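Structural features, examined
Residue strings, one per chain:
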Amino acid sequence: MIKNLVIVIVIAAAGFGLYTVMQDKAAPQPAAVSDAADTGAVVAEPTVGLIDDARIISAESEPGNWLAHGRTYEEQRFSPLEQVNKESVSRLGLAWFSDMQSNRAQESTPIVVDGMMFLTTAWSRVYALDAKTGEQIWHYDPQVPGAWARKGCCDVVNRGVAVYKGKVYVASYDGRLIALDAGTGAEIWQINTLTDRSRDYTITGAPRVANGKVFIGNGGAEFGVRGYVTAYDAETGAQVWRFFTVPGNPDEPFETPEMAMAAKTWKGGEWWKIGGGGTVWNSIVYDPEFNQLYLGVGNGTPWTRAIRSPGGGDNLFLSSIVALDADSGAYKWHYQTTPMDNWDYTAVQDMVLANMDVDGVERKVLMQAPKNGFFYVLDRSDGKLLRANKYVTATWATHVDMTTGRPVEDPAYDYSEKTKWVLPGPLGGHNWQAMAFDPTRRLAFIPAMENPLAYAMNDEWKNTGVYKHIVGGWNTGLEFGRLVQVMGEDGVPPKARGYLKAFDPLTGEEKWAVEQVHHWNGGTLATEGGLVFQGNSLGEVKAYDSDTGDVLWSFNAFTSFLAPPITYQIEGVQYVAIQAGTGGGDLFGGESNNLASMTYGNFGKLLVFKLDGKADLPQPIALDRSIPEPPASNASAQEIARGESVYHSNCAVCHGFMAKSSGVVPDLRMTGETRHGLYKEIVLGGILAGTGMASYADLIDENDVEAVQAYVISRAKEDRAAAAAAAAAQGD
Ligand code: CA
């Protein structure tokens, strides 16, 4: 009772940030849906969402629909529609918009079939809308426990559903795969996909469906899990096969011959105790031509190879593209983009299939621009490397040796002894925000980044030779706690930059590049109309000329973007749809001051445009971003320094580097008096667990909380003083 009272007080007093977070968990409850599932109610024969393999394979014959995650099985995110083109795009206007009832990051690619649109929002909620009007047909909430938010690195996001034979498939953040009736949203079945629910597994990716099977992976490599992908029967949810991406304990029998092979590339460590990593959290692509499934595999745990595999070795299948037989899950081939990964260089980025003339030979290729900064073209019949050109500045390796297929690391950027600024940093040259590929122009349109990190080996490991797995926390093996200090150890950092780049995968030539204001922007869509669409962090959606990069159209949505746009056509009218709402793992987002999420907050929306659309998007009121007077503190400089370290080890990934938030998760410098009085109840007592801020009592104690609070207060004072000085200078 007392605890409830405290929560009520917190809600009443917490102000803007918390109110919106609470609203996120207070969306309408789908009681009827849950009841139907609980009682095993009979679900009628499906009548909508009747997508099958044949329809997706011949998707070019129905360009008005967007049938699969990347539109087709090739996942090019290129649409043949051309009503909206270079000439007409200036007439593009808002047709309708829908409030996503969430202020977290929105990352969904909608599926559009026969007039219906299916998309997800944060917390793995699913919406079915009339694609012409935006009218809601049904919605489904899988009721992800709020406290599960802590198990993920980069917010409670979801990238979309798969639709197949009258069912909609969504994977929930807490690791369940759920089949819904496409017409009603009624739950047909749900299953647990996790081998161990006590581990920090999460699912944020969209399932893929083909050949009567649903494929899904998971995330959690920063925390310590063992990656795998599972195929389930699309009709019943029964498990068909499972492929682990990293080996388990070598003293126990290996699940497959490939795990025995992979185990030989892990040397001297006890990786299986932490889990090894190698999660497939984003890209899984089905290839009907070879009946193959491609997995984009992530980084290891921890990031640093000296700790993870002290005897050396490539650590298969980390940072690899792995091809499997889609029916059996049997291994066919792999290509490892970053052997012995040392930087969080995942290869989970979107993969694009195409047919292409390469050096006079017609090839079926797979393309990927993974985090490590090289753009790969592989022959997907056998995984042979055809091209590896840098698409951004990448200092860690000089080039890829085309004979061995291996990157040649630059010893000047080796951080094993001394701190080094390295490009790309852990956000990668390109992250999950999907690129698009225009097959006519042979250009990939990449939301590219040059965002460095000061890499420094973990102090404790350097001093003692012992690395402790932080259960429930981040395991980078780097010196994250002293990030502020180590950033000064290797000179001036390269400036963080963001680009939209038109890149030729074969020549490695950059056809054009547009520099963005901020590095963390949205995915892309290319069309036969000669346009590239992208949303950015300033809250603008833009249409670029595919040939020149000139901006032909721009719309201010007052909300920062991450999600990739799609396009579809109904009754002769072409629509362009995009979800707005930023977030994710952008640790340094708070370094900017002009993100739409900072100016206006982060209210998730779905925006749909058509030629001569006249709908009005109300402009939100700009937020008061001034930092309130923090409570008095007599903490010593030493105590504040300790708080800085605890903060950057435990809090910074969500609340932002140096306590500067990008406007999504609350900015702790702006904490009011009441919440300052409840620091321990929140951080240790977990009174805000329902919003995603679960207790950290397993990782830090009361003294740590006091130190963090002292650090946050000192940061607030510092930035208040700086703002006052700037205002005074303006007045002069
Ligand atoms: Ca990672």
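As the structure is a prediction and not an experimental result, all values here were calculated from the model.

Pairing is antiparallel across the open sheet formed by 4 strands, whose spatial order is β26-β27-β29-β30. With partners counted over all chains shown, the strands left at the sheet margins are β26 (436–438) and β30 (510–516), one partner each. Taking each pair of neighbouring strands and ignoring which way they run, the sheet shows an average axis angle of 25°. Note that strand β27 (residues 443–450) and strand β29 (residues 497–503) share 7 bridges and pair antiparallel. Paired with Pro447 across the bridge in β29 is Leu500.

What follows is about the confidence of the model for the protein. Confidence along the protein averages 93 in pLDDT terms, with 94% of residues attaining 70 or more. Considering only residues more than four positions removed or in separate chains, one finds that residues 1–23, a stretch of pLDDT under 50, has 27 contacts. Counting interchain partners and residues more than four positions distant, the pLDDT-below-50 stretch residues 26–41 has 18 contacts.

In this section: the nonpolar core. In this structure, Tyr294, Trp396, Tyr455 and Tyr647 are the most contacted members of the largest nonpolar core, which totals 58 residues. By residue number, the principal contributor to this core is helix α15 (residues 702–731), which donates 4 residues. Beyond its immediate stretch of four places on either side in the chain, Trp396 contacts Thr338, Trp343, Tyr345, Asn372, Phe374, Pro407, Glu409, Asp410, Tyr413, Val422, Leu423 and Pro424. One finds Phe118, Val144, Leu194 and Leu316 within the second-largest nonpolar core, a separate group that totals 52 residues.

Here the focus is the state of the cysteines. One pass over the structure, following the stated rule, counts 1 disulfide. Here Cys153 pairs with Cys154 through a disulfide, and the sulfurs are 2.2 Å apart. In this structure the cystine formed by Cys153 and Cys154 twists about its S-S bond by roughly -105°; its chirality is therefore left-handed. Overall, the relative accessible area of 24% leaves Cys153 in the partly exposed class. Of the cysteine sulfurs around Cys651, a residue in no disulfide, the closest is that of Cys654, at 9.0 Å. Residue Cys651 is classed as buried on the basis of its relative accessible area of 16%. Of all cysteine sulfurs, the one in Cys154 lies closest to Cys654, which takes part in no disulfide; the gap is 7.9 Å. You can call Cys654 partly exposed: its relative accessible area is 42%.

Cut-offs applied
Sequence order as written defines the numbering, with residues in each chain counted from 1. At least 70 in pLDDT is required for a residue's local features to be given in this predicted model, at least 80 for side-chain atom pairs to be given and counted, and no such filter applies to totals for whole chains, interfaces and linings, which use all residues. Think of the side-chain values as coming from all heavy atoms in the structure, minus any hydrogens and water. Two strands pair if DSSP finds at least two bridges between them. Here a helix means four or more residues in a row that DSSP labels H or I, a strand means two or more in a row labelled E, and each is numbered from the N terminus. Here an angle of 0 to 180 degrees is reported between the N-to-C directions of two axes, which are lines fitted to C-alpha atoms, with helices fitted over the stretch in contact. The pLDDT value tells you how sure the predictor is about a given residue, anywhere from 0 up to 100. We call two residues in contact whenever any of their non-hydrogen atoms come within 4.5 Å of each other. To define a nonpolar core, start from buried Ala, Val, Leu, Ile, Met, Phe, Trp, Tyr and Cys residues and group those joined through side-chain atoms within 4.5 Å. Relative accessibility thresholds used throughout: buried, under 20% of the residue-type maximum; exposed, over 50%; partly exposed, between the two (1.4 Å probe, protein chains only). To count as a disulfide, a pair of cysteine sulfur atoms needs to be within 2.5 Å.

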